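This is what each chain is made of:
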Amino acid sequence: MDLRIFTEPQQGASYDTLLTVAKATEDLGFDAFFRSDHYLRMGSADGLPGPTDAWITLAGLARETKRIRLGTLMTAGTFRLPGVLAIQVAQVDQMSGGRVELGLGAGWFEDEHKAYGIPFPADRMSRLEEQLAVVTGLWATEPGATFDYAGSHYRVENSPALPKPAQAKVPVLIGGHGAKRTPRLAARYASEFNMPFASVADSERQFGRVREAAEEAGRKADDLVYSNALVVCVGKDDAEVGRRAAAIGREVDELKANGLAGSPAEVVEKIGAYGAIGASRAYLQLLDLDDLDHLELISAQVLSQLR
């Protein structure tokens, strides 16, 4: 099981904080550092000092890290035009030496769009489908050839389809709970399907839909990586678990029911349950970015048991 660290900096984190966590992620042996793509805090967090842009952050981290993969869960399709996004991701991939992964979603948080003057169209899923076609089409175009695309939302004409990423194929992540369209898009475009904040039973059901869609699309179901994103709260004892839960404004029982919480042994067992239904990767949603002792504990007593 690959363990990746997943952060939510819109809740309150500077670039320097993210850099510290990313370097700790690398030093402690985790596979990757991912971040959300949001411009407005959620819930009761103050969000200070304010939002950081996902791809500007990852560009900086690309130059400051050496080994870990870097990516988004999920880049909001409403924030960037697909041609511009393809250029940004390709450049960051070059800057990282080929360590970037693109999670791309439709965008869902209407309040942040209102807060920063970003359009929030009703037809976001159809736009996402076209964005996936444009981004992957630009990257797949052979050097010296041009790329054209005529969709309902986006048109690309005579594009040189440059720059190219460092990787021959940048992994594309698609995720979500949708029963029909989401599996179909994953089957067509994704290297990985991610199920966010879901139970083992719901994940198994959705993984099954994606596997079926992949077969219908002419792919082997096992061509895709299947993963989960889950909040994490680990402690050496009950008191430490309680302290960490309180620090992120959550209840221990709720975290145990809906995420990865408790002692290292409890968390290893819970991750194993997701592994049993086909997940080979877990994104650990780390909400207190100042608690590096938490990362060290997970590395020493959870990650070490899953390799």
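Refer to the structure above for everything that follows.
Residues numbered from 1 in each chain as written. Predicted model: local features only at pLDDT ≥ 70, side-chain atom pairs only at ≥ 80, totals over all residues. Heavy atoms only, no water.

Colleague: Help me understand unusual backbone geometry in this model?
Modeller: Most peptide bonds take the trans form, and the phi angle of most residues other than glycine is negative. Residue Leu 48 is joined to Pro 49 through a cis peptide bond whose omega torsion reads 10°. Inspection of the secondary structure puts Pro 49 in the loop between strand S2 (32-35) and helix H2 (54-64). If you check the backbone angles, Asn 158 has positive phi at about 55° while not being a glycine. The residue Asn 158 is located in strand S7 (residues 155-159) in this model. With a phi close to 50°, Phe 197 is a non-glycine residue in the positive phi region. Inspection of the secondary structure assignment puts Phe 197 in the loop between strand S9 (192-196) and helix H7 (200-216). (Helix = DSSP H or I, 4+ residues; strand = E, 2+ residues; numbered from the N terminus.)

Colleague: Is there a simple way to explain the layout of surface pockets in this structure?
Modeller: Leftover empty space is mapped by rolling, across the atoms, a probe with the size of a water molecule. In this structure, the second largest pocket occupies an estimated 240 Å³ of space. What lines the second largest pocket is a set of 14 residues, and nearest its centre among them are Thr 136, Ala 140, Lys 169, Val 170 and Tyr 189. The set of elements that each furnish at least two residues to the lining of the second largest pocket consists of helix H5 (124-140) and helix H6 (181-189). Among the elements that line the lining of the second largest pocket, the one with the most residues is H5, at three residues. A class-by-class count of the residues in the lining of the second largest pocket yields eight nonpolar, three polar and three charged. (1 Å grid on protein atoms, 1.4 Å probe; cavity = no way out; pocket = protein on both sides within 12 Å on 5 of 7 lines; lining within 4 Å. Points joined across faces, edges and corners; volume = space filled by probe spheres on them. Nonpolar A, V, L, I, M, F, W, Y, C, P; charged D, E, K, R; others polar.)

Colleague: Help me out: how do you make sense of the pairing of strand S8 (residues 172-175) in this one?
Modeller: Two faces make up the sheet, and in a regular strand the side chains alternate between them. In this structure, strand S5 (residues 100-105) lies alongside S8, joined through two bridges in parallel fashion. Among the inter-strand pairings, Gly 103 is bridged to a residue of S8, identified as Leu 173. Taken together, the three bridges between S8 and S9 define a ladder with parallel strand orientation. Within the sheet, the bridge partner assigned to Gly 175 lies in S9 and is Asn 194. Chirality of the crossover, the property in question, places the unit of S8, H6 and S9 among those that are right-handed. (Pairing = 2+ DSSP bridges. Right-handed = clockwise from strand over helix to strand, strands pointing away.)

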